[in-house]
Amino acid sequence: MADDPSGFQTAQSALVVRVPEAEPAVGTWRRRLDPAARAGVPAHVTVLFPFLHADHIDDGVCAALDELIGGQRPFDVRFATCGRFPGVLYLAPDPDTPFRRLTKAVVERWPEAQPYGGKYEPVPHLTVAQTQDETLLVEAETDLGAGLPIAARVSTVDLVVFNGERWEGRASFALRRQGARDR
């Protein structure tokens, strides 16, 4: 398996919720300071990374994802605040419960696909910058303030696969369950 300087491995896959509404506010910072952006991933909240190796994703897996994700309701989300992990600046989704619910459902179906390889407890977030340069993180956070809040409607989850150079979309799954909206 070929490794990329960003740390991604060929045939890795992920499930992500694209947030195109965030691109005007975060795009410049992500292109500069987020390896995923430079590898072709748009602004997003990760549902599960890594998911399954691409060789194990077949029609049956896609059908199961379609059923599982289709059993969830579309929801509205706002990004009004920034948060931090060590060396990472992100936008915090509100509410984050629907993202947590999606992750939990996928992991319950594929327990071998633990979030972040089991290294970290999954916290829903939209990564803006990754750097050890605290000055850059502060600058990015200050700059983002003018573009917040960002509102979005979540209605799909995308399966993306790393081809050795870039992340490519493999499939998209709609949240279809009808009912009251999550708050």
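Residues numbered from 1 in each chain as written. Predicted model: local features only at pLDDT ≥ 70, side-chain atom pairs only at ≥ 80, totals over all residues. Heavy atoms only, no water.

Novice: How should the sheet that holds strand 4 (residues 88-94) be read in this particular structure?
Specialist: Pairing between the strands of a sheet comes from backbone hydrogen bonds, and it takes one of two forms, parallel or antiparallel. One open sheet accounts for four strands, arranged 5-4-3-6; its pairing is antiparallel. The open sheet is flanked by strand 5 (126-130) and strand 6 (150-154), the only strands paired with a single partner. Strand-to-strand, the axes of this sheet are offset by a mean angle of 30°, without reference to chain direction. Pairing of strand 3 (residues 75-85) with strand 4, which is carried by seven bridges, proceeds in the antiparallel orientation. The residue of strand 4 that forms the bridge with Arg 84 is Leu 89. Those strands touched by helix 1 (residues 23-33) are strand 4, strand 5 and strand 6, and its axis lies near 45° from that of strand 5. (Pairing = 2+ DSSP bridges. Helix = DSSP H or I, 4+ residues; strand = E, 2+ residues; numbered from the N terminus. Axes fitted to C-alpha atoms, helices over the stretch in contact; angles between N-to-C directions. Contact = heavy atoms within 4.5 Å.)

Novice: Can you walk me through helix 4 (residues 97-109) in this structure?
Specialist: Each full turn of the α-helix corresponds to 3.6 residues, which orients residues three or four apart in the same direction. Along its 13 residues, helix 4 runs 18 Å from first to last C-alpha, staying within 8% of the 18 Å computed at 1.5 Å per residue. Looking only at helix 4, the buried set comprises Pro 98, Phe 99, Leu 102, Thr 103, Ala 105, Val 106 and Val 107. (Expected span 1.5 Å × (residues − 1). Buried < 20%, exposed > 50% of the residue type's maximum accessible area, 1.4 Å probe, protein only.)

Novice: Whenever I open this one, the pattern of salt bridges confuses me. Can you help?
Specialist: Per the counting criterion, the structure on display carries nine salt bridges. In this structure, the salt-bridge partner of Arg 153 is Asp 76, at a minimum N-O distance of 3.3 Å. Here Arg 153 is found in strand 6, whereas its partner Asp 76 is found in strand 3, with 77 residues between them in sequence. The partly exposed category is assigned to Asp 76, whose relative accessible area is 31%. As a salt-bridge pair, Glu 108 and Lys 104 come within 3.7 Å of each other at their nearest N and O atoms. Residue Glu 108 and its partner Lys 104 are located together in helix 4, separated by four residues, close to a single helical turn. Overall, the relative accessible area of 55% leaves Lys 104 in the exposed class. A network of salt bridges, in which partner residues are shared, links Glu 23, Arg 30 and Asp 34. (Salt bridge = Lys/Arg side-chain N within 4 Å of Asp/Glu carboxyl O.)

Novice: Would you explain the sheet that holds strand 1 (residues 13-18) in this entry?
Specialist: A sheet is described by the order of its strands in space; here four strands give the open sequence 2-1-7-8, paired in antiparallel fashion. Each having just a single partner strand, strand 2 (44-48) and strand 8 (167-174) make up the two edges of the open sheet. On average, each strand axis in the sheet is tilted by 35° relative to the strand beside it, whichever way the strands run. As judged from the four bridges shared by strand 1 and strand 7 (residues 156-162), these two strands associate in the antiparallel manner. Residue pairing in the sheet places Val 16 in a bridge with Asp 158 of strand 7.

Novice: I would appreciate a short explanation of the nonpolar core in the present structure.
Specialist: Nonpolar side chains tend toward joint burial in soluble globular proteins. Among the nonpolar cores identified, the biggest contains 47 residues, and Val 26, Phe 51, Leu 91, Trp 110, Leu 126 and Val 128 are the most heavily contacted of them. Excluding residues that lie within four positions of it along the chain, Leu 126 makes contacts with Val 19, Ala 22, Val 26, Arg 30, Ala 43, His 44, Val 45, Phe 79, Leu 89, Tyr 90 and Leu 91. Counting ten residues, the second largest nonpolar core, distinct from the first, contains Val 16, Ala 39, Phe 49 and Phe 162. (Core = buried A, V, L, I, M, F, W, Y, C linked by side-chain atoms within 4.5 Å.)

Novice: Whenever I open this one, helix 5 (residues 134-145) confuses me. Can you help?
Specialist: Over its twelve residues, helix 5 runs 17 Å from end to end, which matches the ideal 16 Å to within 8%, given 1.5 Å per residue. Listing the buried residues of helix 5 in full gives Leu 136, Leu 137, Ala 140 and Leu 144. Down the axis of helix 5, the buried side of the element spans an arc of 100°, and every buried residue falls inside it. In helix 5, those exposed residues whose orientation departs by more than 90 degrees from the buried face are Thr 135 and Thr 142. The N-cap of helix 5, judged by a side-chain oxygen 2.9 Å from the amide nitrogen of Thr 135 a few residues on, is Asp 133. (Arc of directions from axis to C-beta. Polar contact = N/O pair within 3.5 Å; in protein donor to acceptor, adjacent residues only side chain to side chain.)

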